[in-house]
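Here is what each chain is made of, one letter per residue.
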Amino acid sequence: MRILLFSTNANNYNPKTMHRISWPSCKDNFQKLCQTYLEHSFVIATQMPGTFLIDYDGEEICEKSEFVEYHLIPQNLKTAEEIARFLDSLKCDLALPVSFWDPPYDWHCVMDSIIAEKMSTYKQCIDKNFSMLCFQKQKIRVFLEQNGFSIPNGFSIDRELYMAEKSTPSVKINVYKEYIQSCLEKMEYPIVIKDTCGLSSFNVDVINTPEGSKNYLQSKKMKSNRLVEKFIKGIQAGIEIMGNDDGITVLDPFFFSVNQYGITSPKQSIKIGPVTDEIFMISKLKSEMSRLGKLMNIKGLCQVDLVFDGKQWYIIEINPRISGMTAISAASLGESPVQMIIQNALGLTQIQNPHGMIFLDMKLLPCSKQTIQKLSELDFVLFVCSTINDLAKQHRECGYTQIIIFGNDQQNLRMNLNVLKEKFPDLMEESFFQKALEMTDYFKKN
């Protein structure tokens, strides 16, 4: 079978200012994939940055597997219809979107779903309506609530109505604003105010008082419609739902670290798992995620952000695409992300972690190709990827190195963390190291 993996980018992307070096490289992962599935051939068609699909330097693919056919989707193709025709011209038997994320709008997965729908090639893809529902956070809240899923208490704010007296001089009293402020007064604080169509935790603020919420809504941050939710105190986590023609598979969750405001930051987050201890009600969580997957007829990968308050799980956000936890989820299965995607499509997913190993994904400072090679020589390192942005001005935006390590148990993982810090002291920030050690306590045996 000739299998197509494709992705698109609806944003203007400048690869000349972004640099990414990874081990194993995408080329390495496809070499292994092709050797595993000799009966299939693989075609890649993508646009920069082609997350998990290509290794690039500037505007070119710099490393290619000799067993894979590569195509950069022409930038002059600007509609779903045009891109679908291009992809159909590659004459594949199965098409699989590998949608990625890129600010400011998390809507590339919607575009890929529309393209897949227009293709004549057989495909396994998340429905465009579900993708759009997830993109519009208020609408997915309504859907989840109507179907009995637990979500934080909250409501949406229409910016135009909230500012109506400024654009409509005949308005003496803005009744909508009075209503919103009365709702804010009755909320249990702290609360979260976020963009209704934003990406991850970008443009997310934690507000501690009713007065603080009023000040926020009168500030320059109020640039568009907003979603207000109760801030759930607890453990933040993520879980992967995978679907194919045979049904739904739910992987075990991973716990996420939070920043000083109590929210998960993509460029700082530490992830650890898989979590299986029933003290965290894992069976009930996975049952609910399976129900969600079946309800939405998920085909492909879908990631869900969650929080556990000690008594129940709440859904915070749904991402119908690959995500920041895809790499560690795949690593816990002994696979690369592309292998996990292919095995799911072919109905061959293995979800066991027979040795009970613990996997940890954390961020180091940016590093060179030579340093990545040295990191890869440590026997507990599974994945390293350094991303650098030449145009960034703020410290956290300049770049980082993602590393995934493992341990046979909590003690072994802590030992490996100490070895990593000892051998590469200039890469690991003390606060990240201490947080990683702290998170291993979730796996302490009584």
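Refer to the structure above for everything that follows.
Residues numbered from 1 in each chain as written. Predicted model: local features only at pLDDT ≥ 70, side-chain atom pairs only at ≥ 80, totals over all residues. Heavy atoms only, no water.

Draft legend 1. Examining the environment of Arg141 more closely. By secondary structure assignment, the location of Arg141 is in helix 5 (residues 137–146). Considering only alpha carbons, one finds Arg141 and Asp112, 29 residues apart in sequence, at a separation of 23 Å. Not counting the four nearest positions on each side in its chain, Arg141 is found in contact with Ile151, Pro152, Asn153, Gly154, Phe155, Leu227 and Glu229. (Helix = DSSP H or I, 4+ residues; strand = E, 2+ residues; numbered from the N terminus. Contact = heavy atoms within 4.5 Å.)

Draft legend 2. Representation of empty space enclosed by the protein. Within the structure shown, the criterion is met by four cavities of 30 Å³ or more. Looking at the largest cavity, its volume works out to about 200 Å³. Considering the residues around the largest cavity, the lining is formed by 19 residues, among which Pro97, Val98, Lys299, Gly300 and Leu301 are closest to the centre. Every element with two or more residues in the lining of the largest cavity is listed here: strand 7 (94–97), helix 3 (108–118), strand 16 (300–308) and helix 12 (337–345). Among the residues forming the lining of the largest cavity, the class breakdown is 11 nonpolar, five polar and three charged. (1 Å grid on protein atoms, 1.4 Å probe; cavity = no way out; pocket = protein on both sides within 12 Å on 5 of 7 lines; lining within 4 Å. Points joined across faces, edges and corners; volume = space filled by probe spheres on them. Nonpolar A, V, L, I, M, F, W, Y, C, P; charged D, E, K, R; others polar.)

Draft legend 3. Examining helix 13 (residues 369–376) more closely. By the burial criterion, the buried members of helix 13 are Ile372, Leu375 and Ser376. With its buried residues spanning 100° around the axis, helix 13 presents them on a single face. Opposite the packed face of helix 13, turned more than 90 degrees from it, sit the exposed residues Gln370 and Lys374. In this fold, the buried residues of helix 13 make contact with strand 2 (18–23), strand 18 (358–364), strand 19 (381–389), strand 20 (399–407) and helix 14 (410–423). (Buried < 20%, exposed > 50% of the residue type's maximum accessible area, 1.4 Å probe, protein only. Arc of directions from axis to C-beta.)

Draft legend 4. The sheet that holds strand 10 (residues 204–207), seen in detail. Strand order in the open sheet formed by four strands is 8-11-9-10, with antiparallel pairing between adjacent strands. With partners counted over all chains shown, the strands left at the sheet margins are strand 8 (154–157) and strand 10, one partner each. On average, adjacent strands in this sheet sit at an angle of 20° to one another, irrespective of strand direction. Sheet strands in contact with helix 9 (residues 210–217) are strand 8, strand 9 (191–195), strand 10 and strand 11 (226–230), and its direction is about 145° off that of strand 10. (Pairing = 2+ DSSP bridges. Axes fitted to C-alpha atoms, helices over the stretch in contact; angles between N-to-C directions.)

Draft legend 5. The arrangement of the pairing of strand 5 (residues 60–63) in detail. Where strand 4 (residues 55–57) and strand 5 come together, three bridges link them in antiparallel fashion. When the sheet's bridge partners are listed, Asp55 is paired in strand 5 with Glu63. Taken together, strand 4 and the strand that follows it, strand 5, pair antiparallel across an intervening segment of two residues, in which Gly58 is found at a positive phi of about 70°.

Draft legend 6. Layout of the packing of helix 1 (residues 26–36) against helix 12. Direction vectors running N to C along helix 1 and helix 12 enclose 35°, while the axes themselves pass 9 Å from each other. Packed against helix 1, whose contacting residues are Asn29, Phe30, Lys32 and Leu33, the element helix 12 presents Val338, Gln339 and Ile342 at the interface. Within the contact of helix 1 with helix 12, the residues separate by chemical class into four nonpolar, two polar and one charged.

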